[in-house]
Structures are given as structure tokens and as C-alpha cells.
Amino acid sequence: MITAAGVLYILALSFLSLSASLSAHSSKCTTASENLGCFPPELQNVFFFFSLYLVSFAQGGLSPCAQAFGADQFDEEDDCERKAKSTFFNWWYFFSLGSILVPLLTLTYIQDNVGWELGFGIPAIVMCLALVLFLTGRRTYRFRVNSDGKNTFVRIDRVLVRAAKNWKAAPVAISIDEQGPHSSAQFRFLDKALLTPDGSIDETICSVKDVEYTKAILRLVPIWFSCLAYGIVYAQPSTLFTKQAATIDLHLTPSFQLPAASLQLLFLTGTVPIFLPLYDRVFVPITRAITKKPTGVSTLQRIGIGLVLSLISIMLAALVERRRLALARKYGLVDKPNTMIPMSVWWLAPQFLLSGAADVFGLVGLQEFFYDQVPGELKSIGLAMYVSILGVASLLSSFLVSAVQKLTSRNGQGGWFADNLNRAHLDYFYWLLAGLCAAEFTAFIYFTKYYVYRRRMSV
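Source: prediction; values computed, not measured.

Reading guide: rules and limits
Every chain is numbered independently, its residues counted from 1 as its sequence is written. Local features in a predicted model are, by the rule used here, given only for residues with pLDDT of at least 70; side-chain atom pairs are given and counted only at 80 or more, and totals for whole chains, interfaces and linings are based on all residues. Values shown for side chains rest on all heavy atoms present in the structure; no hydrogens or waters enter the calculation. Working definition: helices are DSSP H or I runs of at least four residues, strands are E runs of at least two. Numbering for both runs from the N terminus. Throughout, a residue-residue contact means that at least one pair of heavy atoms, one from each residue, lies within 4.5 Å. Using a 1.4 Å probe, the Shrake-Rupley method yields the accessible areas, and only the shown protein chains count as cover for residues. Grouping into patches uses exposed residues only, defined as over 30% relative accessible area, and leaves out salt-bridged ones; the cut-off is 9 Å for like charges and 5 Å for nonpolar side chains (Val, Leu, Ile, Met, Phe, Trp, Tyr). Between Lys or Arg on one side and Asp or Glu on the other, a salt bridge is scored when a side-chain nitrogen of the former is within 4 Å of a carboxyl oxygen of the latter. Paired rings are identified among Phe, Tyr and Trp, the last through its six-membered ring, by centres lying within 6.5 Å, and are further divided according to the angle between planes into stacked (under 30 degrees), edge-to-face (over 60) and tilted (the rest). Accessibility here uses a 1.4 Å probe with only protein chains present; expressed as a share of the type maximum, an area under 20% marks a residue as buried, one over 50% as exposed, and anything in between as partly exposed. We call a charge positioned above a ring when the Lys NZ or Arg CZ atom is no farther than 6 Å from the ring centre and deviates by at most 35 degrees from the ring normal. Whether a set of points on the 1 Å grid over the protein atoms alone is a cavity depends on a 1.4 Å probe fitting there but being unable to get out, while an open set qualifies as a pocket with protein on both sides within 12 Å along at least five of seven lines; lining residues are those with an atom within 4 Å of a point. Grid points are joined across faces, edges and corners, and a volume is the space filled by probe spheres set on the points. Think of it as three bins: nonpolar holds Ala, Val, Leu, Ile, Met, Phe, Trp, Tyr, Cys and Pro, charged holds Asp, Glu, Lys and Arg, and polar takes everything else, Gly as well. Expected span of a helix: the number of residues minus one, times 1.5 Å. Bend is the name given here to the angle between axes fitted to two runs of seven residues, the run ending at a residue and the run starting at it. Per-residue confidence from the predictor is given as pLDDT, running between 0 and 100. In this analysis, axes come from line fits to C-alpha atoms, helices being fitted only over the stretch in contact, and the angle between any two N-to-C directions falls in the range 0 to 180 degrees. Angular relationships are summarised with four words: roughly parallel below 35 degrees, roughly antiparallel beyond 145, roughly perpendicular across 65 to 115, and oblique for the angles in between. If you view the pair so one helix is near and one far, a crossing is left-handed when the near helix is turned anticlockwise from the far one by less than a right angle, and right-handed when it is turned clockwise. We define the nonpolar core as a collection of buried residues of types Ala, Val, Leu, Ile, Met, Phe, Trp, Tyr and Cys that are connected through side-chain atoms lying within 4.5 Å of one another. Domain limits in this description derive from either an automatic procedure or a database domain assignment. The term polar contact refers here to a pair of N or O atoms within 3.5 Å; inside protein, the definition further demands a hydrogen-donor-capable atom paired with an acceptor-capable atom, and it admits residues adjacent in sequence only when both atoms are side-chain atoms.

Draft legend 1. Seen up close, the overall build of the chain. The secondary structure content of the chain amounts to 16 helices and six strands. Long-range pairs, those at least 24 residues apart, make up 76% of the contacts in the chain between residues at least 6 apart in sequence. Accessible surface computed for the chain: about 24000 Å², of which carbon and sulfur atoms make up 65%.

Listed below in C-alpha cells is the structure:
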């Protein structure tokens, strides 16, 4: 899958480069409304968006599989390697951010000053080199083997279907010896998948292992839902936080002014690589000495800390936005949206820094949790579930913005997201998100209280 997705990624990036080249040399122009505009032919537009969607499709196959495969290289039965696996997720995120910083600093310049063809072509070349490098290590990799050769999706589906068919049957009475060392008391209704029409137990169609795998997946669903609010807040630094920054004084020094879009690069993307080594080399050893756990704190505790930091960051954002609006009124700038509000950029630093700290705990914790708590054959699916939290949360964030703006802009009012940000109320929206975060954190605490960690199973 990694190889196939890598080849598809290279193809998609090459298509984007070709699309940029075709658009740059297009000579067909049409008139749009009253203004003269030059647009590429419709076929070029289709090809461009096809290339973009192909990039997303390739990334969907590459990202979770590559991360899961990297974590699979560590032996869970070895204490030293089990500790190292937790560190792996920290450094994976560290270098992932590093791979974002480099193109932000170099490729954007090339795209603006040299051409988009080269701007897309360079990532395609780099991806070729990365795929070659990945394949050179093929002889040294560890591979998980499905010993019984059965497709895990089919096995889980069969358990759900048979449990639904037998839902009226009496509870299954299985002894501990029959259940085996990996059995759990949760979702006992799934045990009915082992029953035959005459009420006897038959593992030839569904085994106890199949039932336990299904339980392991279902246990993740409440945690998934209770982290959506965190994902919504995660989407704000690159959107509304940046919109806040565009209205204030962005001078870091008297002679140097930072672009608003670069705040995320400086305060968030730039600081997470500092927080991660501190977490790995300072926080984990200290907590390990206290809790006697190899990772210092459990993955759910780590996620919980991230949720709290995320909540604090959005509350700080609301307070800072309230001050920004107060200064706009004080200096008579409410109806002057293009005039800079005399407020230092450093007021925004705490909310960005706390967002970065929340990612170190919450984001990396979610990666490790969803990898570790799924059956061996579904590690990439577990990480895909983690990625889907951010994807679904981004859609929910867009929906919330649209719905709130529609509700608050009635009767001719500008709404919470008015074009004139000095008449808008981003602070109200931030408090709404804070309320959602608090509610979901309460749900998270409730679900984690009853969560049973999956025991390591032989595959």
C-alpha cells in the first residue's frame, strides 16, 4: 500500500506540475462579467482539480500506512523497544513539522518568483527519492503476518451480522478458559455471534478472537467522538487566529514586521519542535519515575492533558479578541477595518503557544492511542481513524462558521463573522468552542473511566 500510494503521489504531483505548465502557456481568454479576465479552458480546470483530488487520495493511503508500518518495526514484547515506540510517535510528529517548515520557507518563494511548474515539480522529485530510499530498506523491515490468513474486515463484519441475528438469544455463558487470556467483559452482546441456531457455541464461523477484535474497534468509537471538539479548535490557528492577527501591529521589532500568515509558522509550527524534545527528554523521565510506567503517563492521560491545553488556548483567544475589540472602540477604529489596531502581536503568542503544547500532548497521544488499541492487522486503520478526527472536525468547523453566521446575520446585521472584523464577534465564537470543548472533555473523562485497554494479542 505504501509503495502504491507513493507511486500515485508522484503521479499526482507530476500532474499538478503539468497542469501549472498548461495554465501558464494557455492563450485562451474569455470575458467575465464586466471585467476582462483570462481563464484556462474548462478541460484544464478539470485536470487541475483531478490532480488535487489525486494528491488527497494518495495521501489517504500513504500517511496512516507509513506511520503504522514504522511503528510496527518495534517489538512490543521487548521492554526497551516498547519504550522506544512511544518515542517514535513524538519524533514522527517532530519531523513531520520539519517537512512543513522547509517548503514554507523555500517552495513558496520558488512558486511566486520562478514558477508553479517547478514549485510542484520539486516535491514530485523529492517523493521519487523518498520512495527509492524506502524500498532500499525492504530486506531489513519487520512485517506483521496474519497467521490464520482470514481477512480482518470480513471477520469483524461477520461478528456484527451474527450478533445482530442472535440478539434475542440468551446471554452466552462462556468460561474464562474458553474465552482465553484476551477476553473482555465489555460489549458482551457480541459474544452471541458465537452461537449457532440451536444455541450451542461454534467457533468455526466466528472465533473468540474475532469477537475480541470487534470489541477493540467499538471501544474506540466513544473516544473518537469525544475528541472532535479538540479537532475543531485545532483548525482555528490557520484560519481565525490568522484573521485576528491581520488587524493588529505585527512588528516583532521596530524595523521588522511579520506577515499575518507567518504567525502560525513562528508561534505554532516553530515551537512544537521545541516542546516535543522537552516532552520526550524531560516530562517523560520525570513522570516515569513517579508512575513507574514506561511512557510516564498513559496515552489517554496524555490526550486528556492535550484537551485541557486546547480548551485553555481557545479561552485565551476569546479574551484576547475581547481586548482587541475594546481597543478598536477606544481609538475609534470600529468602522476602519483596514487601519491597524494599536495592539502588539505578542498578545497572540500565548494562544498559539498553548495550541502547540496541546498538539504535543493531544495530537501525538491520539496517534499512539489509535495505533496501539486496534488489532495487529488493522494498525493503519487505527491511524486512519485518528486522521479522520481532524478531517471530520474541519468539516464541522466549516459547518459551525456557516451556521453561526447565518443565524447571527439576520435583520441586516453583520454577524459574528462580518467582513469588518471590528464589528464581528470572534470572541463569542471562541466561547462557543470553549463550551463544546468543556462538554466533550467531560464526556472524555466519563468514557476513559470505563475504557478497558486492549491486551496484546497474538495475531
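Moving on from the model shown.
Draft legend 2. Local environment of a nonpolar patch on the surface. A cluster of nonpolar side chains, contributed by I274, L278, V282, I286 and I290, occupies part of the molecular surface with about 490 Å² of accessible area. Here L278 shows up in helix α12 (residues 272-291).

Draft legend 3. Looking closely at the packing of aromatic side chains. According to the stated counting rule, one finds 30 aromatic pairs in the structure shown. For the ring pair W224 and F225, a centre distance of 5.0 Å and an interplane angle of 85 degrees mean the geometry is edge-to-face. The exposure class assigned to W224 is buried, which follows from its relative accessible area of 14%. Taken together, a centroid distance of 5.0 Å and an interplanar angle of 70 degrees make the contact between F417 and F429 edge-to-face. Remark: F429 occurs in helix α16 (residues 426-449) and F417 occurs in the loop between α15 (379-408) and α16; sequence separation between them is 12 residues. Judged by relative accessible area, which is 9%, F417 ranks as buried. Assessed through its relative accessible area of 0%, F429 is described here as buried. Aromatic ring contacts, followed pair by pair, group F74, F88, F89, W92 and Y371 into a single cluster. The aromatic ring of Y371 is capped on one face by K379, whose charged end is 4.6 Å from the ring centroid.

Draft legend 4. Representation of the pattern of salt bridges in the model. Tallying each qualifying case throughout the model produces nine salt bridges. A salt bridge links R302 to E368, with the nearest nitrogen and oxygen atoms 3.9 Å apart. With R302 in helix α13 (residues 299-330) and E368 in helix α14 (residues 349-372), the pair connects residues that are 66 residues apart, well separated along the chain. A residue is classified by how much of its surface remains accessible, and R302, at 1% relative accessible area, is buried. Between R324 and E321 there is a salt bridge; the shortest N-O distance is 2.8 Å. Separated by three residues within a single helix, R324 and E321 lie in helix α13, roughly one turn from each other. When sorted by exposure, R324 lands in the same class as E321, which is buried. Members of the salt-bridge network, linked through shared partners, are R188, D191, E212 and K215.

Draft legend 5. Fine view of empty space enclosed by the protein. Tallying each qualifying case throughout the model produces four cavities of 30 Å³ or more. Forming the walls of the largest cavity are Y230, V233, Y234, P237, L268, S310, S313, S355, A358 and D359. Among the secondary structure elements, those contributing two or more residues to the lining of the largest cavity are α9 (228-234), α13 and α14. Its residues placed into classes, the lining of the largest cavity shows six nonpolar, three polar and one charged.

Draft legend 6. Structural view of helix α2 (residues 42-71). The end-to-end C-alpha distance of α2, which contains 30 residues, comes to 44 Å, matching closely the 44 Å that a straight helix rising 1.5 Å per residue would cover. Its maximal kink placed at Q59, α2 deviates by approximately 25 degrees.

Draft legend 7. Representation of α14 within the structure. Counted at 1.5 Å a residue, the expected span for α14 with its 24 residues is 34 Å, and the 34 Å between its end C-alpha atoms agrees. Summarising burial for α14: 21 of the 24 residues are buried, a large majority.

Draft legend 8. The confidence of the model for the chain, seen in detail. Across the chain, the average pLDDT comes to 84, with 89% of residues at 70 or higher. Counting interchain partners and residues more than four positions distant, the pLDDT-below-50 stretch residues 30-36 has seven contacts. Counting contacts from residues 175-183, a segment whose pLDDT is below 50, to residues more than four positions away or on other chains yields 14 contacts.

Draft legend 9. Spatial organisation of the packing of α13 against α14. Two numbers describe how α13 lies on α14: the axes approach to 7 Å, and their chain directions differ by 155 degrees. Classed by the angle they form, the pair α13 and α14 counts as roughly antiparallel. The crossing of α13 and α14 is left-handed. Split into classes, the residues belonging to the contact of α13 with α14 amount to 17 nonpolar, eight polar and two charged.

Draft legend 10. Examining the nonpolar core more closely. Formed by 83 residues in total, the largest nonpolar core has its most connected members in L263, I303, L366, F369, F370 and Y430. The element contributing the most residues to this core is α14, with 13 residues. Taken domain by domain, the makeup of this core includes at least three residues from each of domain 1 (1-23 + 42-144) and domain 3 (219-458). Ignoring anything within four residues of it in the chain, the contact list for I303 reads C227, F361, G362, G365, L366, F369 and F444. Residues I2, A12, L13 and A66 belong to the second largest nonpolar core, which totals 19 residues.

Draft legend 11. Fine view of the side chain of T448. With respect to the helices and strands, T448 occurs in helix α16. Within the local environment of T448, its side chain forms a polar contact with the backbone oxygen of I445, the two atoms lying 3.0 Å apart. Other than its neighbours up to four places away in sequence, T448 contacts I223 and L300.

Draft legend 12. Structural view of the environment of S96. Structurally, S96 can be placed in helix α3 (residues 79-105). Each C-alpha atom of the pair S96 and P273 lies 9.8 Å from the other, and the pair is 177 residues apart in sequence. A polar contact is formed between the side chain of S96 and the backbone oxygen of W92, at a distance of 2.7 Å.

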